[in-house]
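Understanding the architecture of this molecule
The primary structure of each chain is shown beneath.
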Amino acid sequence: MIILGIESSCDETSIAVLKDGKEILSNKISSQIAIHKEYGGVVPEIASRQHIKNIAAILDEALAEAQITLDDVDYIAVTYAPGLIGALLVGVSFAKGLSYAHNIPIIPVHHIKGHIYANFLEHDIKLPCIALVVSGGHTNIVFMGEDHKFVNLGGTLDDAVGESCDKVARVLGIGYPGGPVIDRMYYEGDRDFLQIPEPKVGEYDFSFSGIKTAVINFVNKMKMKGEDFKQEDLAASFLGKVVDILCKKTLKAAKDKNVKTIILAGGVAANSLLRSQLTEEAKKLGIGVYYPSMKLCTDNAAMIAEAAYYKIKCAKNPEDCFAGLELNGIASLEVTKDMY
Ligand code: KG4
Ligand code: ZN
């Protein structure tokens, strides 16, 4: 079974060819980070235009590397939600064009499910499991049953974890995206430098806005007083607190649901402290932690194709997973409300 994956929900244009749900024949990614860096964040209109400019060439490259033609493709998997609406529409429209011209069914994929299924490309994941979804736009604890059905246990009430990393990095003036920089700085700082109170929210819910504000207020206070501080100390205090909270709540969910597997998903799953701390703490409880390799943590189309592969595999009737030309992009949609 050959699935062509298409991803364009944010600032990466990606097209992949996946064989039989396991073999990535190609996974081409054109990142726009260098373009958006200048503005300190993703500019939606620029993102859409870049997707339009790149997508046809990325398709050619993905097909060439996989050594196939569109005649070999059984299904087209495309991210339809959530994301920047203009960006999503580029991928969705492109998928519809290919589908119509080559008579290939479209399987719409929820972006977060893509991040979760990235784990299935590289690991033998035993279900049920708890997925911690941490990206620039999302922070959720999701229960995934043996039947591949998803239950959202909780999520952020304000900022997503990646978003708060990027905002703190912007205030510190250390570049965009901030997550990878804060990740590196953690090891050169003192995590006990700034005491940040833990927000009081539901047991599986998160709030990062107060933590982010505590850091920003500290920076402003120091600037006003004309006092110096070590940026690494602040980055370490911030990331240390965030990772403690993520680990505590994820482990609680795993214990409560009596599952022995935790998977990390989304761009922030690349964070080295989160990976090591969660793995270590889970090990003491006999729980295994899995995460995708670096390349599959951030947005890519192989994970979208993989999510579609499992949709087909779990469906009573494959046609239940297909969308017609009425398919539209949706900017905001909870993972459990996936419509296909
Ligand atoms: O999943 P993703 O590529 O895009 C969204 O769907 O949002 O995630 C991007 C986010 C950014 O906020 C970025 O700062 C964060 O992932 N990120 C990291 C790391 N690498 C990327 N955050 C912390 N540590 C990292 N190593
Ligand atoms: Zn993503």
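Our subject is the structure listed above.
Residues numbered from 1 in each chain as written. Chains lettered and ligands numbered in written order. Predicted model: local features only at pLDDT ≥ 70, side-chain atom pairs only at ≥ 80, totals over all residues. Heavy atoms only, no water.

On to the coordination of the zinc ion (ligand 2), then. The protein atoms that coordinate the zinc ion (ligand 2) are His-111 (NE2), His-115 (NE2) and Asp-299 (OD), at distances of 2.0 to 2.1 Å. On the primary sequence, the residues serving as donors to the zinc ion (ligand 2) are separated as H-x3-H-x183-D. In this pair, His-111 and His-115 both sit in helix α4 (residues 111-122), four residues apart, roughly one turn of the helix. Across this residue pair, the class does not change: His-111 and His-115 are buried. (Donors = N, O, S within 2.8 Å, 3.2 Å for Na, K, Ca; no water. Helix = DSSP H or I, 4+ residues; strand = E, 2+ residues; numbered from the N terminus. Buried < 20%, exposed > 50% of the residue type's maximum accessible area, 1.4 Å probe, protein only.)

Taken together, 18 residues form the shell around ligand 1, and within it Gly-136, Asp-166, Asp-183, Gly-267 and Asn-271 come nearest. In the model, an oxygen atom of ligand 1 is placed 3.2 Å from a nitrogen or oxygen of the Gly-162 main chain. Mapping ligand 1 onto the cavity grids shows that it belongs to the largest pocket. Elements represented by at least two residues in the shell around ligand 1 include exactly α4, α5 (161-172) and α6 (178-186). When residues in the shell around ligand 1 are grouped by element, the largest group, three residues, is from α6. Taken domain by domain, the shell around ligand 1 gets at least three of its residues from each of domain 1 (2-117 + 297-337) and domain 2 (125-291). (Near = heavy atom within 4 Å. Polar contact = N/O pair within 3.5 Å; in protein donor to acceptor, adjacent residues only side chain to side chain. 1 Å grid on protein atoms, 1.4 Å probe; cavity = no way out; pocket = protein on both sides within 12 Å on 5 of 7 lines; lining within 4 Å. Sits in = over half its atoms within 2 Å of the grid points. Domains from an automatic or database assignment.)

So, about the packing of aromatic side chains. Considering all chains together, one arrives at eleven aromatic pairs under this definition. The interplanar angle of 70° and the centroid separation of 6.2 Å between the aromatic rings of Tyr-117 and Phe-150 together place this pair among those described as edge-to-face. Remark: Phe-150 occurs in strand β8 (residues 150-155) and Tyr-117 occurs in helix α4; sequence separation between them is 33 residues. On the basis of relative accessibility, which here comes to 3%, the residue Tyr-117 falls in the buried class. Overall, Phe-150 belongs to the buried group, its relative accessible area being 12%. Considering the side-chain rings of Phe-120 and Tyr-310, the 5.2 Å spacing of their centres and the 65° angle between planes classify their relative orientation as edge-to-face. Within this pair, whereas Phe-120 is found in helix α4, its partner Tyr-310 is found in helix α11 (residues 301-314), the two being separated by 190 residues in sequence. Residue classification places Phe-120 among the buried residues on the basis of a relative accessible area of 3%. Judged by relative accessible area, which is 13%, Tyr-310 ranks as buried. One aromatic cluster is present, built from ring pairs that chain together Tyr-117, Phe-120, Phe-150, Tyr-309 and Tyr-310. Sitting over the ring of Phe-206, Lys-249 keeps its end group 5.8 Å from the ring centre. (Phe/Tyr/Trp six-rings, centres within 6.5 Å; stacked < 30°, edge-to-face > 60°. Lys NZ or Arg CZ within 6 Å of the ring centre and 35° of its normal.)

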